[in-house]
Amino acid sequence: MSYGDYLDLDTLLDAQHPRAVPPQHDELLFIIQHQTSELWFKLVLHELRSARDLIARDELPLALKRLARVKHIQSTLAEQWTVLATLTPSEYAQFRRFLATSSGFQSLQYRCVEFLLGNKNADMVRVFDGRPAQQEQLEELLHQPSLWDVFLQLLARRGLAVPPELLDRDWSQPYAENERLVEVLAGVYADPEKHWDIYETCEELVDLEDNFQVWRFRHLKTVERIIGSAKGTGGSSGVPFLRRALSLTFFPELYAVRGRIAEGTIGHD
Ligand code: HEM
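Residues numbered from 1 in each chain as written. Predicted model: local features only at pLDDT ≥ 70, side-chain atom pairs only at ≥ 80, totals over all residues. Heavy atoms only, no water.

Enquirer: Tell me about unusual backbone geometry, and please be specific about residues and values.
Expert: Residue Pro22 follows Val21 across a cis peptide bond; omega there is -10 degrees. By the element assignment, Pro22 lies in the loop between α2 (9-13) and α3 (27-56). Even without glycine at this site, Asp8 takes up a positive phi of about 50 degrees. Along the polypeptide, Asp8 turns up in the loop between α1 (3-7) and α2. A positive phi is found at Asp58, a non-glycine position, where the angle reads about 65 degrees. Inspection of the secondary structure assignment puts Asp58 in the loop between α3 and α4 (60-79). (Helix = DSSP H or I, 4+ residues; strand = E, 2+ residues; numbered from the N terminus.)

Now the structure itself:
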């Protein structure tokens with residue numbers, strides 16, 4: 001078997017189909033930037049699903065290994081925006097209309113990552129109307145516990161007083177911050193040595209969320225420099241829509257507990 005056979009390069013390298021008529025030099029960059037992102041999303045999903053299942057089986061060290069890899073992929077994805085930033089507004093304008101109404105908003109894998117991390121939103125399933133296989137994939141994740149949900153179940157198995165309503169609920173509903181869970185995490189952060197692997201996992205999750213926000217921010221700033229205040233091809237308000245996503249959080253209690261530490265209400269004998 002050759003290199004090209006193993007990697008199925010004929011398929012991969014034949015999957016770029018610029019649409020502009022007449023052809024526009026910069027459309028290939030636009031396509032490849034999206035395709036490479038989708039390839040990395042595929043690996044992120046693979047690692048996150050595995051991490052979630054490992055946590056459910058109490059295999060925390062291996063789950064942390066998975067999350068470490070995800071963090072490096074996120075760094076690559078964030079760095080990658082510098083390539084697209086070489087696309088000027090006038091260059092993009094030469095092929096934008098050929099995208100019609102297609103938009104990253106319709107990225108199935110991106111939505112799957114969001115659901116796996118806990119940002120559930122049942123309305124997103126409708127984006128894939130007419131595509132039953134995609135809908136089924138998203139629907140399945142919508143109804144499964146997220147990485148955060150299984151982590152809370154692990155905390156409960158370790159004897160921490162996680163509120164019962166967080167341990168068995170309708171997983172398709174958006175996650176809401178829980179004050180009593182902040183108390184539980186406050187206990188972990190007050191004595192890291194006693195709860196080391198839990199404490200370490202919490203910090204890994206904060207890294208993950210932080211990196212996710214960096215991706216959102218870099219996307220927003222790249223979009224802003226390319227289309228300014230124009231609406232998106234997917235029909236949203238564009239930059240204002242993307243800015244709203246910056247207020248989303250996957251693990252709200254991990255941020256709430258930081259406020260408590262900073263205020264000095266925990267962490268001091
Ligand atoms: C010229 C480059 C780009 C522009 C102008 C752009 C613009 C936009 C806009 C305006 C939206 C909001 C939805 C809409 O109305 O279309 C959006 C969403 C999105 N874009 Fe991009 N984008 C660009 C590149 C990329 C790339 C390279 C990716 C990588 C996969 C990407 C992934 C996404 C995703 C996942 C969303 C949904 C975000 C969410 O719902 O929070 N975009 N994009």
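Enquirer: I'd love a proper account of the site of the ligand, names of residues and values included.
Expert: Near the ligand you find 26 residues, and of these Ser103, Arg111, His219, Gly234 and Ser236 are the closest. Note that a nitrogen atom of the ligand is positioned 2.9 Å from one of the side-chain N or O atoms of His219. For the ligand, an oxygen atom lies 2.9 Å from a polar atom in the backbone of Gly234. Per-class residue counts for the shell around the ligand are 13 nonpolar, 12 polar and 1 charged. (Near = heavy atom within 4 Å. Polar contact = N/O pair within 3.5 Å; in protein donor to acceptor, adjacent residues only side chain to side chain. Nonpolar A, V, L, I, M, F, W, Y, C, P; charged D, E, K, R; others polar.)

Enquirer: Provide a residue-level description of helix α8 (residues 132-143), including the pertinent values.
Expert: The terminal C-alpha atoms of α8, which comprises 12 residues, lie 16 Å apart, in line with the 16 Å expected from a rise of 1.5 Å per residue. Burial in α8 covers these residues: Gln135, Leu138, Leu141 and Leu142. Buried residues along α8 cover an arc of 130 degrees about the axis, so they all sit on one side. In α8, the exposed positions that point more than 90 degrees away from the buried face belong to Pro132, Ala133 and Glu136. Looking at the buried side of α8, the elements it contacts are α3 and α7 (108-117). (Expected span 1.5 Å × (residues − 1). Buried < 20%, exposed > 50% of the residue type's maximum accessible area, 1.4 Å probe, protein only. Arc of directions from axis to C-beta. Contact = heavy atoms within 4.5 Å.)

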